[in-house]
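# Structure at a glance
The chain contents come next:
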Amino acid sequence: MKDYIIRAVTADGAVRASAAVTTEMVNEAQKIHGTTPTATAALGRLLTACSIMSDMMKGDKDSLTLQIDGGGPIGKLIAVGDSKANVKGYVANPLVDLPLKNGKLDVGGAVGTDGTLGIIRDFGLKEPYMGHVKLCTGEIGDDIALYYARSEQIPSVVALGVLVDRDYSVKAAGGMILQVMPEATEEQIIQLEAMVKEMPAITTMLEGGATPEDILAFALRDFSSYTFETAETAYQCDCSRERIERAVRSLGKTEIQDIINQQINAELTCHFCNKKYVVTKQELEAMLSE
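This section reports on the structure supplied with the text.

Procedures and definitions
Residue numbering note: each chain is counted from 1, following its sequence as written. Totals for whole chains, interfaces and linings use all residues, but because this is a predicted model, local features are given only for residues with pLDDT of at least 70 and pairs of side-chain atoms are given and counted only at 80 or more. Water and hydrogen atoms were dropped before computing side-chain values, which therefore reflect all heavy atoms in the structure. Each residue's exposure class comes from its accessible area (1.4 Å probe, protein chains only) as a fraction of the maximum for that residue type: buried when under 20%, exposed when over 50%, partly exposed otherwise. What counts as a helix is a DSSP run of H or I of at least four residues, what counts as a strand is a run of E of at least two, and both are numbered from the N terminus. In short, DSSP must find at least two bridges between two strands for them to pair. A side-chain nitrogen of Lys or Arg and a carboxyl oxygen of Asp or Glu constitute a salt bridge if their distance falls within 4 Å. Whether two residues are in contact is decided by their heavy atoms: any pair within 4.5 Å suffices.

With that settled, the discussion passes to the pairing of strand β13 (residues 276–279). Only one face of β13 is covered, namely the one carrying Tyr-277 and Val-279; the face carrying Lys-276 and Val-278 has none of its residues buried. One ladder, built from four bridges, connects strand β12 (residues 266–269) with β13; its direction is antiparallel. By the bridge assignment, Thr-269 is partnered in β13 with Lys-276. Counting the residues between successive antiparallel strands, the hairpin from β12 to β13 contains six residues, one of them, Asn-274, with a positive phi of roughly 65°.

It is worth spelling out the pattern of salt bridges at this point. In the structure shown here, the tally under the stated rule is 13 salt bridges. Residues Lys-88 and Asp-238 are paired through a salt bridge, measuring 2.6 Å at the closest nitrogen-oxygen approach. Linking Lys-88 in strand β5 (residues 86–91) with Asp-238 in the loop between β11 (234–235) and α8 (241–249), this pair joins segments that are 150 residues apart in sequence. Residue classification places Lys-88 among the buried residues on the basis of a relative accessible area of 10%. In this structure Asp-238 comes out as partly exposed when scored by relative accessible area, which is 39%. The residue Glu-207 makes a salt bridge to Lys-171 at a minimum N-O spacing of 3.6 Å. Taken as a pair, Glu-207 in helix α6 (residues 202–207) and Lys-171 in strand β9 (residues 170–180) lie far apart in primary sequence, 36 residues in all. For Lys-171, a relative accessible area of 44% translates into the label partly exposed.

Below, the discussion takes up helix α1 (residues 23–33). The buried fraction of α1 amounts to eight of the 11 residues, a majority that puts the element mostly inside the structure. Turning to α1, its buried residues are Thr-23, Met-25, Val-26, Asn-27, Ala-29, Gln-30, Ile-32 and His-33. Its buried side turned inward, α1 meets β2 (15–21), α2 (37–55), β5, β8 (156–164), β9 and β11. Two residues or fewer after α1 comes Gly-34, characterised by a positive phi angle close to 60°.

Everything listed here is a matter of coordinates, which is why it stays silent on function.
Encoded structure:
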């Protein structure tokens, strides 16, 4: 079954929420980057959050970038999504592996907390919207919730989970982002707080076969009605020969000439999908003549 997202809004506009299953997406990322379980969980959580947040964007050409650099052994994590909820991601150290912490993968220890979460929204204007927040736990979900609270003044619940099997494949992955709107009453906020305390871990729900519909039904159980929309999501890299050639041209005449002088081709690898592109010496010379 394909991964998908359900985006819902309660009838009174008090709460908006999205839930997703991203098992295939995170499995694809694991195969591309050869990640260990800890790195798979970290990158998978970021990709899941990026897919849900990208699905919230409205413009066809809008894009979203999430960047985390917490000073931990995993290094920098990046996820990029478009308004169709297609995402791609990168982890600096895919082989990082830490002992379990309280019986769970130690994502926070791998990511670290000596750094920031950065969020870039590009709406096709002259300058993209950029915001950041200091990491609080490195667990990614908590840090995104903190970002929403501090940078956008939106109280949010962000629950992300990745369950890795013994063979390093992904058994289940998914998440939920629930946000309280200004229309919410004090009583509704109290109900939501009670729901959060009772809600099982996302991985527990997914392992038990829960769908995005089931997750939202639990999260919005105290609301009489809500409307929802469904969208597919997938790991999809949009690299191309044209983009690679633009990247080579951006090196400048001096550096391109240096490559030519070494009598070698230029070989570039896409960080997001590991696809290799070769630009021959003849093509480099043609770029210089242009």
